Amino acid sequence: MIKEQSPTITKCYHCGDICELDVIPFDNHSFCCHGCQAVYELIQQSDLNQYYSNKELKADKVAEQSTIERKFAYLDQANVVSKLLRFQDDTQSMVKFYLPGIHCSSCIYLLEHLPKFDSKILKAEVNFIKKEITISFLNELPLKEVAIMLASLGYPPLINLESTNSKETKTNLGGLGMKIAVAGFCFGNSMLITLPEYLDADFQFETDFKVLFGWINLVLALPVFFYAAQDYFKSAWTGITHKYLNIDVPIALGILTLFSRSIFEILTSSGSGYVDSLNGLVFFLLLGKWYQNKTYQALSFERDYKSYFPVSVLKVDEAGENYCMLQDLRPGDQIVIHNLELIPADAVITSGKAIIDYSFVTGESDPVEKKVGEKVFAGGRQIGSQVGLMLEKAVDNSELTQVWNDQETGNNKKYENLIDRVSQYFTVIILVLALGTGSYWYFHDPTRVWDVLASVLIVACPCALALALPFGLGHGMRIMGRKGVYLKNAAVIEQLANVRQLVFDKTGTLTRNHPESIRFVGVKLDELSNSMIKTICSNSAHPLSKLIAKNFEDSVIKLPVDHFYEEVGKGVEAKMNGTCVRIGSAKWVGVEGAEDQSESKVYVSIDDHYQGFFSIKSGYRTGIFESLKQLRRSFKLHLLSGDNASERAQLAPYFDQFHFHQKPLDKYQYVEGLYSNTLMIGDGLNDAGALKRAQVGFAVCEDIHQFSPACNGLIEANSVVRVGRVLRFSKSVIAIVIAAFIISFAYNVVGLSFAITGNLKPVVSAILMPLSSVSVVGFITLMVSLLGRIQFKE
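None of these values were measured; they are calculated from a predicted model.

The rules behind the values
- Residues numbered from 1 in each chain as written.
- Predicted model: local features only at pLDDT ≥ 70, side-chain atom pairs only at ≥ 80, totals over all residues.
- Heavy atoms only, no water.
- Helix = DSSP H or I, 4+ residues; strand = E, 2+ residues; numbered from the N terminus.
- Buried < 20%, exposed > 50% of the residue type's maximum accessible area, 1.4 Å probe, protein only.
- Contact = heavy atoms within 4.5 Å.
- Areas by Shrake-Rupley, 256 points an atom, 1.4 Å probe, with all protein chains shown as cover.
- Core = buried A, V, L, I, M, F, W, Y, C linked by side-chain atoms within 4.5 Å.
- Patch = residues over 30% accessible without salt bridge, like charges linked within 9 Å, V, L, I, M, F, W, Y side chains within 5 Å.
- Salt bridge = Lys/Arg side-chain N within 4 Å of Asp/Glu carboxyl O.
- Pairing = 2+ DSSP bridges.
- Axes fitted to C-alpha atoms, helices over the stretch in contact; angles between N-to-C directions.
- Parallel < 35°, antiparallel > 145°, perpendicular 65-115°, else oblique.
- Left-handed = near helix turned anticlockwise from the far one by under 90°.
- Nonpolar A, V, L, I, M, F, W, Y, C, P; charged D, E, K, R; others polar.
- Phe/Tyr/Trp six-rings, centres within 6.5 Å; stacked < 30°, edge-to-face > 60°.
- Lys NZ or Arg CZ within 6 Å of the ring centre and 35° of its normal.
- pLDDT = per-residue confidence, 0-100.

A. Structural view of the overall build of the protein. Each helix and strand counted, the protein has 26 helices and 29 strands in total. Across the 794 residues that make up the protein, the buried fraction comes to 52%. Pairs at least 24 apart in sequence give 66% of the contacts found in the protein among residues at least 6 apart. Split by element, the accessible area of the protein, about 36600 Å² in all, is 55% carbon and sulfur.

B. Structural detail: the nonpolar core. Formed by 50 residues in total, the largest nonpolar core has its most connected members in L496, L502, F504, L679 and F698. Per-element accounting of this core gives the leading share, 10 residues, to helix α25 (residues 723–756). Residues contacting L502, with those up to four places away along its chain left out, are L631, F635, K636, L637, H638, L679, I681, V723 and L727. In this structure, F72, I133, I135 and A147 belong to the second largest nonpolar core, which totals 32 residues.

C. Here's a closer look at a nonpolar patch on the surface. On the surface, F209, L212 and I216 cluster together to form a nonpolar patch covering roughly 260 Å² of accessible area. With respect to the secondary-structure elements, F209 resides in helix α8 (residues 207–228).

D. Representation of the pairing of strand β23 (residues 600–606). Here β23 lies mainly inside the structure; six of its seven residues are buried. Pairing of strand β22 (residues 579–584) with β23, which is carried by four bridges, proceeds in the antiparallel orientation. Considered in β23, the bridge of G584 is made with Y603. The pairing of β23 with strand β24 (residues 609–617) spans seven bridges and is classified as antiparallel. Pairing of V602 across the sheet is with F614, part of β24. If you look at the hairpin formed by β23 and β24, you'll find two residues sitting between the two strands, and D607 has a positive phi there, around 50°.

E. How the structure looks around the packing of helix α15 (residues 449–459) against α25. Between α15 and α25, whose axes approach to 9 Å, the crossing angle comes to 175°. By the angle between their directions, the pair α15 and α25 is classed as roughly antiparallel. Of the residues in α25, those touching α15 at V452, S455, V456 and V459 are Y747, N748, G751, L752, A755 and I756.

F. How the structure looks around the sheet that holds strand β17 (residues 485–487). Strands sit in the order β17-β29-β28-β27-β18-β25-β26 across an open sheet of seven strands; the sheet is mixed. One side of each edge strand has no neighbouring strand; the edge strands of this open sheet are β17 and β26 (657–659). Put simply, the sheet's adjacent strands are angled 20° from each other on average, direction ignored. Packing of helix α23 (residues 664–673) onto the sheet brings it into contact with β18 (501–505), β25 (636–640), β26 and β27 (678–683), and relative to β25 it is tilted by some 160°.

G. Quick peek at the packing of helix α18 (residues 527–539) against helix α19 (residues 543–551). Across the interface, α18 lies against α19 with an axial gap of 8 Å and an inter-helix angle of 140°. Here α18 lies oblique to α19, going by the angle between them. Once α18 is placed against α19, the crossing between them reads as left-handed. Facing α18, whose interface residues are I533, K534, C537 and S538, α19 presents S545, K546, I548 and A549. A per-class count over the contact of α18 with α19 returns four nonpolar, two polar and two charged.

H. Geometry of the sheet that holds strand β12 (residues 354–357). Within the open sheet, the three strands sit side by side as β13-β12-β15. Their pairing is antiparallel. Of all the strands in the sheet, the pair left with one neighbour each is β13 (368–370) and β15 (381–382).

I. Examining α19 more closely. Burial analysis of α19 places seven of its nine residues in the buried class, the great majority of the element. Considered for burial, the residues of α19 that qualify are P543, L544, S545, K546, L547, I548 and A549. Elements that come into contact with the buried residues of α19 comprise β19 (517–522), α18, β23, β24 and β27.

J. Here's a closer look at the pattern of salt bridges. The final tally for this structure, using the stated rule, is 11 salt bridges. R632 is the salt-bridge partner of D656, the closest N and O atoms lying 3.2 Å from each other. In this pair, D656 sits in the loop between α22 (648–651) and β26 while R632 sits in helix α21 (residues 624–632), placing the two residues 24 residues apart along the sequence.

K. Seen up close, unusual backbone geometry. With a phi close to 55°, N577 is a non-glycine residue in the positive phi region. Tracing the sequence through the fold places N577 in the loop between β21 (571–576) and β22. Even without glycine at this site, D607 takes up a positive phi of about 50°. With respect to the helices, strands and loops of the structure, D607 is situated in the loop between β23 and β24.

L. Molecular detail of the packing of aromatic side chains. Applying the stated criterion across every chain yields a total of 17 aromatic pairs. Taken together, a centroid distance of 3.9 Å and an interplanar angle of 10° make the contact between F225 and F259 stacked. One end of the pair, F225, is in helix α8; the other, F259, is in helix α10 (residues 248–268), with 34 residues separating them in the sequence. Lying across the ring of W588, R582 places its NZ or CZ 4.1 Å from the centre. The ring of F613 carries K601 above its face, with NZ or CZ at 4.7 Å from the centroid.

M. Summary view of the environment of F564. Along the chain, F564 turns up in strand β20 (residues 563–567). Between the C-alpha atoms of F564 and S540, which are 24 residues apart in sequence, the distance is 9.3 Å.

N. Here's a closer look at the confidence of the model for the protein. When the pLDDT values of the protein are averaged, the result is 76; 75% of them are 70 or greater. Here residues 299–310 is a poorly scored stretch, pLDDT under 50, and it has 39 contacts once near neighbours within four places are set aside; other chains count. Confidence drops under a pLDDT of 50 for residues 409–414, and excluding neighbours within four residues, the segment shows five contacts in the predicted structure.

O. Main features of helix α6 (residues 143–152). Counted residue by residue, α6 has nine buried out of 10 residues, so it is predominantly covered. One or two steps after α6, the chain reaches G154, where phi turns positive at roughly 95°.

P. A look at the environment of F87. Secondary-structure assignment places F87 in strand β4 (residues 85–88). Looking at F87, the relative accessible area reads 1%, which means it is buried. As a C-alpha pair, F87 and F377 span 290 residues in sequence and 5.8 Å in three-dimensional space.

Q. Quick look at the side chain of K506. Tracing the backbone shows K506 in the loop between β18 and β19. On the accessibility criterion, K506 (3% relative accessible area) is buried. Apart from the residues lying within four places of it in its own chain, the contact partners of K506 are T511, Y620, L639, L640, S641, D643, E647 and L651.

Structure representation (structure tokens):
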């Protein structure tokens, strides 16, 4: 290909940079290097021309292929690859990379179409906020090639092997502190230099001192303009180059206006300039940023759920079997996973036969069979009998919460999108107002133009508007967590505020999982039968099975399971030492069962010989009927139960609709038939389909160890009676957010009115701008906390 020298300034068609040396012409376009040309050809061949149609595009310059290959050569090492992979089975792997080059919708479009570049890439998902990409790919494609492909497209992954097992938690505020110190020093001295001019009118006639002090002021302005204020200019320029006017644009213009005017007046000796206002403006802006950071750190809610995520797992040690919170688990710990439970961290199988469903991780529903000694990955769900695992990694709560949030089916970002649009138009409006205000004062009082112009540019700020939603919902989410209601994300509060009807499961939701009595009615069971029944119930996911398993003494041993099958809502079947045991409903076992209003029955057969049934008297939760009575005044209530209809008369006063003998599919179809704005409360495993189909699904956690990604929230068993308070509190939080919006708009209207009329100094504007954001956040935090105490007062 022939290179030709560009006689004029030419921009690269791919990255937009100026072609400083030779221009490479290709396909009626110009490119700055062969790397950009190669990416263009790749995009063309993959039929992704829409990438270049986005006006926000500003692709990164592409390095030469040889340089890229050398950079990622270490990814040929198996031990390095094993540290980076989030998941791997016999056919596919999954990796998550941090891509600092992601900056616009075109980036997302290109990266999520990676499968078009290589058919061995199965799926690519971008997290724009975190600048992360999760890629699933076939094992025949080396991880090194995936990294090279990303780098060749202009998105080189930033890989830090030292951080693969730990999170960086320190916030580096040293640079900000130094800038505050520089701006504060210059501001204090410029005020001291300018003081005689304010206090002594005759000082204007002392030409020598006036010129000297002007030059000293100019020297003091240089480090403030070129160092302390550089972040505002960088942010503004980044926004402009990406065709986006962020809030730092008017701030940067205000700083530039004061600096330019000061240089002009000092150099021409036509005035003393506005250096004191400039230095004070930057100093208070930086001080406000520091104060905001400290305030937000103090008020922010825990986003990774580590402080209260209510999930535990059965840990095995010298003391026996005990439930342990996930954050207390360490590599090397031995745990037990039962049927339909999630694997909390990467581990090696130590006992049992694992059949793992990785649909929550990969989207593929085909179970994978694993044997003792093989590795399994976090997020997989065991199907079948219990398995013993030895953890290879500590539990990463962020991985589980990502599995949880990956199940999101709707778009809950309408408020966030609205705020983004308002913020963008807000900046345009401010620039127009500043231009109009400057023109007005130029003709009426030219001496006040620069102060007024800077005040208008600085005082207006949509930050308070943008902060209202995340802090309001986030603080509400934290308060609910303290009361035993754990939401998958803050947007669930908005959904809860719109709930109009509730659907309840009965067993384990309205009733207690700590029974008043459990007794076996039937033939006398020998030691082997007791062991088999305890074993099969320990492996089951149903609440009644778990109650029966707990009822046996510790001396009753568990047996190895050769075969295990559970049909949700019906029963379980297992084979141990050649003996087949079936436990569940009367129909499942093959007998006729009598309905009894006072108890639940679980029937047992061994080798097709009926043995009897377990009679379980659970009783209803304390205060549940009073809670239902209050809920029915404001909401339509439905009951869906898999049990018989013996308790219809007792429950009729509290529900508008009730249905018994409901299988999981029946519950799903019933919830699907309801109009939107429905809250479903039930068992996270047996009612998973209905929970996922409802607008909001709450899984009841009795022993806080059952975790299901199919729900929007986990609710502790003793908090079920607080559902009404949760719904009222959600409405209150949304009302507070709306009030914060109004306060933010009111602040900007009042502040702008003072600035436009010339009654506000730039320094005062710099103080008011961060204070407005902090005051809105403080209002939200105070009001949400106050209403939380009122709503949840026992």
